[in-house]
Amino acid sequence: MDKNFQEEQFTGIIKFTPPLYKQRYQFIKDLVGKYKPKKVADLGCADCTLLWMLKFCSCIEELAGLDICASVMKEKMHRLSPLPGDYLQPNERSLTVTLHHGSVAHKDPCLLGFDLVTCIELIEHLEQSELKKFPEVVFGFMAPSIVVISTPNSEFNPLLPGVTLFRHPDHKFEWNRAQFQSWALETARCYDYSVEFTGVGHPPTGMENVGFCTQIGVFVRKYPQTSESAQSEKPTEAVYKTVFRAVYPSLKDEKYLQNAVVSEVIFTAQIIKRSLLDCFMSEHEEYNDAPTERKSRFQPSVKYFSEGLEKLLAQKSMEPFVNGSVVYIPLTTIFSFPKVNQLCGTFEKLCKLIAGKVTLSSDGSAVMFNTEHENE
């Protein structure tokens, strides 16, 4: 069942730009941008498009999807897997994505503790018995800080060609604005939420009285959930079946952080080494061309570093140096570079992460490079 395809058929004459389903998803993205939730669950996630869009929101650390139709989720769930680039450049945040097969009429502890729960074009697909249980599951049991529910506005239907009763054959009902608002206000009252009404899909000019094509209720919990209420009557038995789980590489995982730090240390050291050798060769040529009386007082230096490097290496104790065929680059110099500093936080952390991974001097104070084969 492709809700988006069916919807585009019906709204073909009334052009929504962007398409209506994209406007709904953008509404959620904007809400996420405003409230910065860390844990978001999408009930009735279908082909996982909304979850795929939300995985790029930097504030989110956990995404969960639930749908009664496992086959629909499985068709597109591969999009939620990490890409090769995610391993090459791990994000600073952690991110876990999980998909569950089950009904919104059932309680499962795996969906506890979420900040935002979205129900986009879901409730109209529920049987009366499921709709009756739905508020207790979402608002009573899950009790997130914010719940967003969208549903068709039946007052808009006369403007949609081809719609006789409902917009989709699987819809069990479609409410007008008064019906939806009555249900939403009563639900909010029962579970200590406030609710505001809006929508997406503006009507044509002159038909504003029918309201939005999609009506939306944004529920916000009035009081923080206490630990006592959070634990009361919470079943521990799992009833959903997990069909997908992906854990993204993150710099919060020391394995990935170590790889990133070692790579950045080697990269930074190579840049310093190259710059040092270039200026060393330049000074060597200058020395050979100098008059005899100047050679005795000629001292190689690092004054030919680029301006950025020169500032970082201003202190004599931080200067890299060449001894025979070996270049020594002090760790204090490398740590002073912003990217290394940002990754490690402390000098002690830097030393710990590169231990055994990078060739260091005997006292462990500098990175060493052998230049014997530099020009081969």
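Each chain has its residues counted from 1, running along the sequence as written. Only residues with pLDDT of at least 70 get local features here, since the model is predicted, and only at 80 or more are side-chain atom pairs given and counted; chain-wide, interface and lining totals rely on the full set of residues. Water and hydrogen atoms play no part in the side-chain values, which are based on all heavy atoms of the structure.

The name given to the chain in an unreviewed UniProt entry is Small RNA 2'-O-methyltransferase, and the organism recorded there is Anhinga anhinga. UniProt positions are given in the numbering used here, feature names are shortened, and annotations may be inferred rather than shown by experiment. The Catalytic activity (unreviewed entry) comment attached to the chain in UniProt states, word for word, "small RNA 3'-end nucleotide + S-adenosyl-L-methionine = small RNA 3'-end 2'-O-methylnucleotide + S-adenosyl-L-homocysteine + H(+)". The UniProt entry for the chain carries the following comment under Sequence similarities (unreviewed entry): "Belongs to the methyltransferase superfamily. HEN1 family."

1. Structural notes on the pairing of strand β3 (residues 96-101)
Burial classes: relative accessible area under 20% of the type maximum marks a residue as buried, over 50% as exposed, and values in between as partly exposed (1.4 Å probe, protein chains only). Strands here are runs of E lasting at least two residues and helices are runs of H or I lasting at least four, both read from the DSSP assignment and numbered beginning at the N terminus. Extensive coverage of β3 is indicated by the burial of 5 of its 6 residues. Any two strands with at least two DSSP bridges between them are considered paired. Inspection of the sheet shows strand β2 (residues 62-67) paired to β3 by 6 bridges, in the parallel sense. Each residue of the ladder has a partner; that of Ala64, found in β3, is Thr98. Bridge count for β3 against strand β8 (residues 241-247) is 6 bridges, and the pairing is antiparallel. Note on β8: the bridge partner recorded for His101 is Lys241.

2. A short note on helix α7 (residues 177-190)
Two residues of an α-helix separated by three or four positions point the same way, owing to the 3.6 residues in each turn. The first and last C-alpha atoms of α7 sit 20 Å apart over 14 residues, in line with the 20 Å expected at 1.5 Å per residue. Along α7, the residues that are buried comprise Phe180, Trp183, Ala184, Thr187 and Ala188. Projected down its long axis, α7 carries its buried residues within an arc of 130°, all on one side. Exposed residues on α7 whose side chains face more than 90 degrees from its buried face are Ala178 and Arg189. Where α7 is buried, its residues meet α6 (128-142), β5 (146-152), β6 (193-200) and β7 (214-221). One fewer than the residue count of a helix, multiplied by 1.5 Å, yields its expected span. Taking the helix axis as origin, the arc is that swept by the directions to the C-beta atoms. Two residues form a contact once any of their heavy atoms are found within 4.5 Å.

3. Overview of the pattern of salt bridges
Think of a salt bridge as a Lys or Arg side-chain nitrogen and an Asp or Glu carboxyl oxygen that are within 4 Å of each other. Under the defined criterion, the tally for this structure stands at 10 salt bridges. Note that Arg177 is salt-bridged to Glu155, the shortest N-O span being 2.8 Å. Highlighted residues: Arg177 in helix α7 and Glu155 in the loop between β5 and α7, separated in sequence by 22 residues. Overall, Arg177 belongs to the partly exposed group, its relative accessible area being 27%. On the basis of relative accessible area, Glu155 is assigned to the partly exposed category, the value being 28%. In this structure, Glu254 engages Lys349 in a salt bridge whose closest nitrogen and oxygen atoms are separated by 3.2 Å. Taken together, the residues Glu254 in helix α9 (residues 254-289) and Lys349 in helix α14 (residues 347-354) connect sequence positions 95 residues apart. Through salt bridges with shared partners, a single ionic network connects Glu254, Lys349 and Lys352.

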